Amino acid sequence: RINKISKSWKLKKEHSLMLSYKPSYEDYYYFKKYIKMYISKAMDFQYEENDKSFLKLLDKNKKNLKNITPNGAVVPKREFQLEYNLIIRQWCHLIKKMTSKKPKLLKLFRMTPNIRIKFGSELEHNKSRPLNTAIAHSDAWLEGPWGFNCFMPIVGDIKNNYLKYYELKNEKEFREEFLKLSKTYNSMSWVNDYYKDLPIKLSSGIAYISDYSLIHKTHRKAKAQTRVSVDTTIFVGNHLPFKDRLREYRKGIPLMGIDEIIDAGQYENDKFKGKISTFSHYTGRCAKTIRLK
């Protein structure tokens, strides 16, 4: 499937199970701008165009976590859903360009990319969570085995605070049980015995697409600083995600801001609405799309 995607979409092959796509400077610039605007609103600080100034304010307001999940995802709320819709509109634009040479190969488009902040040090209330992304894992354990991760560093310290990948020591030892559903990452830790470090350097503004059989984790080196990234999934071929995640996907890439917009479905001070299940997304009970006439 990797070879087919690489050939069809003209993507660079970084590894036998990983591809990369570099959007145009303009597309990346606006995507980063909208993400920074969104985070500024969610954490209640003044937007800064300069990346260094933005990151300083982000760290200064680290305690403003009303709209941030323990794992660093920025949750859309109605107070800043305009900024959220700008992000989704630009993301749709990026993926349309990435898949333009053979758009029908994209089976499902995910409407819920995670805008994620990973501070230089882990948030205390995330350390003991069973789905902490600092634990080596595969998204197959929540989504089913057939998807691809899509990870894009946006801004910040991606040299010391990054996504670390692991590859199989011997691909012939791969078993389907490596990608079975699991309510916790720790319960699948036995898989680590079959993996080794994959030395690969990631760059800001580039989307990395990897098969679920490459496991990964958030990794911080000493003196790591904050980074911001986007992570999501894509599906290619005649395969579907686990049923609890299906509501996040569409068969086509929508024209956001033209044909429809997203209603975050909750205000900042509303009581938090829990996930539908362990395997579902944090927006599952709230967010909905509104068709425009």
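In this text, all values refer to a predicted model and were calculated from it rather than measured experimentally.

Student: Can you help me understand the pattern of salt bridges in this one?
Tutor: Oppositely charged side chains are able to pair whenever their charged atoms sit close together. As enumerated under the stated definition, the model contains 16 salt bridges in all. When the shortest N-O distance is used, the salt bridge between K33 and E49 registers 2.9 Å. Taken as a pair, K33 in helix 2 (residues 25-42) and E49 in the loop between helix 2 and helix 3 (51-60) lie far apart in primary sequence, 16 residues in all. You can call E49 partly exposed: its relative accessible area is 37%. A salt bridge links D263 to R78, with the shortest nitrogen-to-oxygen separation between them at 2.8 Å. With D263 in strand 12 (residues 260-263) and R78 in the loop between helix 3 and helix 4 (81-98), this residue pair connects regions lying 185 residues apart in the sequence. One connected set of salt bridges, linked through shared partners, spans R110, E143, R245 and E248.

Student: Would you mind showing me how to read the pairing of strand 6 (residues 161-168) here?
Tutor: For a regular strand, the rule is simple: side chains alternate between the two faces of the sheet. Of all eight residues in strand 6, eight are buried, a share of seventy percent or more. One ladder, built from six bridges, connects strand 6 with strand 9 (residues 215-220); its direction is antiparallel. Pairing of Y162 across the sheet is with H219, part of strand 9.

Student: What is the right way to read the nonpolar core from this model?
Tutor: Ranked by size, the top nonpolar core spans 62 residues in total, and within it W9, F31, I35, I39, L58, I117 and V228 carry the most contacts. Examining the composition of this core, we find that nine residues originate from one element, helix 4, more than from any other. I117 has contacts with I39, M43, L58, I68, N71, G72, V74, T226, R227 and V228, leaving out every residue within four places of it along the chain. With 19 residues, the next largest nonpolar core counts I135, L168, Y195 and F235 among its residues.

Student: Before we go on, may I ask you to explain the side chain of Q81 in this structure?
Tutor: Mapped onto the secondary structure, Q81 falls in helix 4. Within the local environment of Q81, its side chain forms a polar contact with the backbone nitrogen of A264, the two atoms lying 2.8 Å apart. Not counting chain neighbours up to four residues away, the residues in contact with Q81 comprise I262, D263 and A264.

Student: For this particular structure, what's the right way to read the pairing of strand 4 (residues 114-118)?
Tutor: Counting buried residues in strand 4 gives five out of five residues, a clear majority hidden from the surface. Every second residue of strand 4 is oriented toward a common face, with N114, R116 and K118 on one face and I115 and I117 on the other, all of them buried. Alignment of strand 4 against strand 10 (residues 227-236), held across five bridges, turns out to be antiparallel. Looking at the pairing, R116 lines up with S229 of strand 10.

Student: Whenever I open this one, helix 2 confuses me. Can you help?
Tutor: Helical geometry note: an α-helix holds 3.6 residues per turn, so side chains three or four residues apart project in the same direction. Given a rise of 1.5 Å per residue, 18 residues ought to cover 26 Å, and the 26 Å separating the end C-alpha atoms of helix 2 matches this to within 8%. Buried within helix 2 we find D27, Y28, F31, K32, Y34, I35, K36, Y38, I39, S40 and A42. In this fold, the buried residues of helix 2 make contact with helix 3, helix 4, strand 4, strand 5 (148-156) and strand 10. One or two positions beyond helix 2, positive phi appears at D44, with a value near 60°.

Student: I would appreciate a short explanation of the side chain of S182 in the present structure.
Tutor: Here S182 is to be found in the loop between strand 6 and strand 7 (195-198). Here S187 takes part through its side chain, which lies 2.6 Å from a polar atom of the side chain of S182.

Student: I would appreciate a short explanation of a positive patch on the surface in the present structure.
Tutor: Together, K4, K7, K10, K101 and K102 line one region of the surface with positive charge. By secondary structure assignment, the location of K4 is in helix 1 (residues 2-9).

Student: Looking at this model, I keep getting lost on the packing of helix 2 against helix 4. Mind explaining?
Tutor: It is the contact of helix 2 with helix 4, at a shortest axis distance of 9 Å, that shows an interaxial angle of 155°. As judged from the angle between their axes, helix 2 and helix 4 are roughly antiparallel. As helix 2 packs across helix 4, the resulting crossing turns out to be left-handed. Note on element contacts: helix 4 touches helix 2 through E83, Y84, L86, I87, R89, Q90, W91, H93, L94 and K97, opposite D27, Y30, F31, Y34, I35, M37, Y38 and K41.

Student: Can you help me understand the packing of aromatic side chains in this one?
Tutor: Here the distance between the centres and the angle between the planes together describe a pair of aromatic rings. Considering all chains together, one arrives at 14 aromatic pairs under this definition. Ring centres of Y29 and Y30 lie 5.1 Å apart, and the angle between their planes is 80°; on these two criteria the pair is classed as edge-to-face. Residue Y30 is classed as partly exposed on the basis of its relative accessible area, which comes to 32%. Ring centres 5.5 Å apart and planes at 65° place the aromatic pair Y38 and F80 in the edge-to-face group. Residue Y38 is located in helix 2, and its partner F80 is located in the loop between helix 3 and helix 4; the two are separated by 42 residues in the primary sequence. As far as burial versus exposure is concerned, Y38 and F80 are alike and both buried. Clustering of aromatic rings is evident, with ring pairs tying together F174, F178, W190, Y194 and Y195. It is R78 that lies over the ring of Y267; its NZ or CZ is 4.9 Å from the centre.

Cut-offs and rules
Residues numbered from 1 in each chain as written. Predicted model: local features only at pLDDT ≥ 70, side-chain atom pairs only at ≥ 80, totals over all residues. Heavy atoms only, no water. Salt bridge = Lys/Arg side-chain N within 4 Å of Asp/Glu carboxyl O. Helix = DSSP H or I, 4+ residues; strand = E, 2+ residues; numbered from the N terminus. Buried < 20%, exposed > 50% of the residue type's maximum accessible area, 1.4 Å probe, protein only. Pairing = 2+ DSSP bridges. Core = buried A, V, L, I, M, F, W, Y, C linked by side-chain atoms within 4.5 Å. Contact = heavy atoms within 4.5 Å. Polar contact = N/O pair within 3.5 Å; in protein donor to acceptor, adjacent residues only side chain to side chain. Expected span 1.5 Å × (residues − 1). Patch = residues over 30% accessible without salt bridge, like charges linked within 9 Å, V, L, I, M, F, W, Y side chains within 5 Å. Areas by Shrake-Rupley, 256 points an atom, 1.4 Å probe, with all protein chains shown as cover. Lys, Arg positive; Asp, Glu negative; His and termini not counted. Charge placed at Lys NZ, Arg CZ, Asp CG, Glu CD. Axes fitted to C-alpha atoms, helices over the stretch in contact; angles between N-to-C directions. Parallel < 35°, antiparallel > 145°, perpendicular 65-115°, else oblique. Left-handed = near helix turned anticlockwise from the far one by under 90°. Phe/Tyr/Trp six-rings, centres within 6.5 Å; stacked < 30°, edge-to-face > 60°. Lys NZ or Arg CZ within 6 Å of the ring centre and 35° of its normal.

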